[in-house]
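Structure assessment
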Amino acid sequence: MSKKATVLIIEDEHNIANIVKDYLRVHHFEPIISRTGEDAMRFLKEQSPDFIILDLTLPDCDGIELCRQIREKSNVAILILSARGSDTDKVLGLGFGADDYMTKPFSLSELVARINAHLRKQDRLLQEHTKKKEIIQIDNMEINKTEHTFKRDRQQIALSAKEFELLYFLIESSNQVFSKSQLLDAIWGYDAYGDENTITVYIRRLREKIENNPSSPVYIQTVWGVGYKFTTQNN
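**Some points on the overall build of the chain**
Regarding its fold elements, the chain presents eight helices and eleven strands. Relative to the 2.2 N^0.38 estimate, which gives 18 Å for 235 residues, the radius of gyration of the chain is 27 Å and therefore markedly larger than a compact globule would have. By its C-alpha atoms, the chain is 75 × 35 × 35 Å across when sized along the principal axes. For the chain, with 235 residues in total, the buried portion stands at 40%. Restricting to contacts in the chain with at least 6 residues of sequence separation, those with at least 24 account for 53%. Counting 31 positive and 35 negative side-chain charges, the chain places the averaged centre of each group 4 Å from the other.

Following this line, the structure appears as structure tokens:
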């Protein structure tokens, strides 16, 4: 990761908390210690850690209940680190939202390995989510914002920068009608006094490139007296 991942250590045993903190710092994490559930929840209201290590035996609350409360407010990965190693505790902890469970005594190197594994998984999920948002597929077409490409029937169609921006904007908001002035403002940044003929020209160019019959468009439709919208063949 480009920045140090913040790890919140919720542990009331000073020796264990400090040992884990020092070891994580050596391995390029940013560790923070909370010794009570109340302190941990206060921290979570103010900041968003990348990972949580949670002990089940705390002076002011039960760790499993705290795990449930954290999960209601955040999707951050939680690893329970506890001397309570019974199957019941593990099932309860994982059932209330923990992502992993280690029992004391434990290996510091294994702890770091598990943290890194969960962070890598989070990064992959974030990248996949971003990729899905950046690539839109409609009917036989695919528009990729990251690569700045448009394909129809798997064949790439060359678009100018503004043609691409206008098409992506329309596809991203399929079935929503936009006036010429709204499209000018969204793509060119013009105000209401911009040259609306620009939109007419670009709509014509896009139709010539993506429609089977540009004079009778299926996708980029004119809503007379209002503006334009992108629609699918299924609508």
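Once the structure has been displayed, the description carries forward.
**A look at the packing of aromatic side chains**
In this description, a pair of aromatic rings is defined by centroid distance and the angle of the planes. Scanning the entire structure with this criterion turns up four aromatic pairs. Arranged with centres 6.1 Å apart and planes meeting at 20 degrees, the rings of Phe164 and Tyr168 form a pair that is stacked. Of the two residues, Phe164 and Tyr168 both sit in helix α6 (residues 161-172), four residues apart, roughly one turn of that helix. With respect to class, Phe164 is no different from Tyr168; both count as buried. Seen in terms of ring centroids, Trp188 and Tyr202 are 5.0 Å apart; in terms of plane orientation they differ by 70 degrees. Their pairing is edge-to-face. Residue Trp188 is found in helix α7 (residues 180-188), and its partner Tyr202 is found in helix α8 (residues 197-210); the two are separated by 14 residues along the sequence. Judged by relative accessible area, Trp188 falls into the buried class, the value being 18%. Note on Tyr202: relative accessible area 16%, which makes it buried.

**Things to note about α8**
Taking 1.5 Å of rise per residue, the 14 residues of α8 would be expected to cover 20 Å, and the 20 Å separating its terminal C-alpha atoms lies within 8% of that figure. Those residues of α8 that sit buried are Thr198, Ile199, Tyr202, Ile203, Leu206, Arg207 and Ile210. Summarising the axial view, the buried residues of α8 lie within an arc of 160 degrees, below the 170-degree limit, and thus occupy one face. Pointing more than 90 degrees away from the buried face of α8 are the exposed residues Asn197 and Glu208.

**Describing the sheet that holds strand β7 (residues 141-144)**
Across the sheet, four strands lie side by side as β6-β7-β8-β9; this open sheet has antiparallel pairing. The outermost strands of the open sheet, each flanked by one partner alone, are β6 (135-138) and β9 (155-156). Across two bridges, strand β8 (residues 149-152) lies against β9 in antiparallel orientation. The residue bridging Arg152 from the neighbouring strand is Gln155, located in β9. With respect to the sheet, α6 is in contact with β6, β7 and β8, its orientation differing from that of β7 by roughly 115 degrees.

**Side note on the pairing of strand β3 (residues 51-54)**
For a regular strand, side chains alternate in direction, first toward one face of the sheet and then toward the other. Burial along β3 is two-sided: the residues Phe51 and Ile53 and Ile52 and Leu54 are all buried. Bridge count between β3 and strand β4 (residues 77-82): four bridges; the pairing is parallel. Counterpart to Phe51 in the pairing with β4 is Ala77. Taking the sense of rotation as the criterion, the β-α-β connection linking β3, helix α3 (residues 63-73) and β4 turns out right-handed.

**Examining α3**
When α3 is considered as a whole, its buried residues turn out to be Gly63, Ile64, Leu66, Cys67 and Ile70. Across the axial projection of α3, the buried residues extend over an arc of 155 degrees, all falling on one side. Turned more than 90 degrees away from the buried face of α3, the exposed residues are Glu72 and Lys73. In this structure, the buried side of α3 is in contact with β1 (6-10), α2 (37-46), β3, β4 and α4 (87-95). With a side-chain oxygen positioned 3.1 Å from the backbone nitrogen of Ile64, the residue opening α3 is Asp62.

How each quantity is defined
- Residues numbered from 1 in each chain as written.
- Predicted model: local features only at pLDDT ≥ 70, side-chain atom pairs only at ≥ 80, totals over all residues.
- Heavy atoms only, no water.
- Helix = DSSP H or I, 4+ residues; strand = E, 2+ residues; numbered from the N terminus.
- Rg over C-alpha atoms; globule rule 2.2 N^0.38 Å.
- Buried < 20%, exposed > 50% of the residue type's maximum accessible area, 1.4 Å probe, protein only.
- Contact = heavy atoms within 4.5 Å.
- Lys, Arg positive; Asp, Glu negative; His and termini not counted.
- Charge placed at Lys NZ, Arg CZ, Asp CG, Glu CD.
- Phe/Tyr/Trp six-rings, centres within 6.5 Å; stacked < 30°, edge-to-face > 60°.
- Expected span 1.5 Å × (residues − 1).
- Arc of directions from axis to C-beta.
- Pairing = 2+ DSSP bridges.
- Axes fitted to C-alpha atoms, helices over the stretch in contact; angles between N-to-C directions.
- Right-handed = clockwise from strand over helix to strand, strands pointing away.
- Polar contact = N/O pair within 3.5 Å; in protein donor to acceptor, adjacent residues only side chain to side chain.

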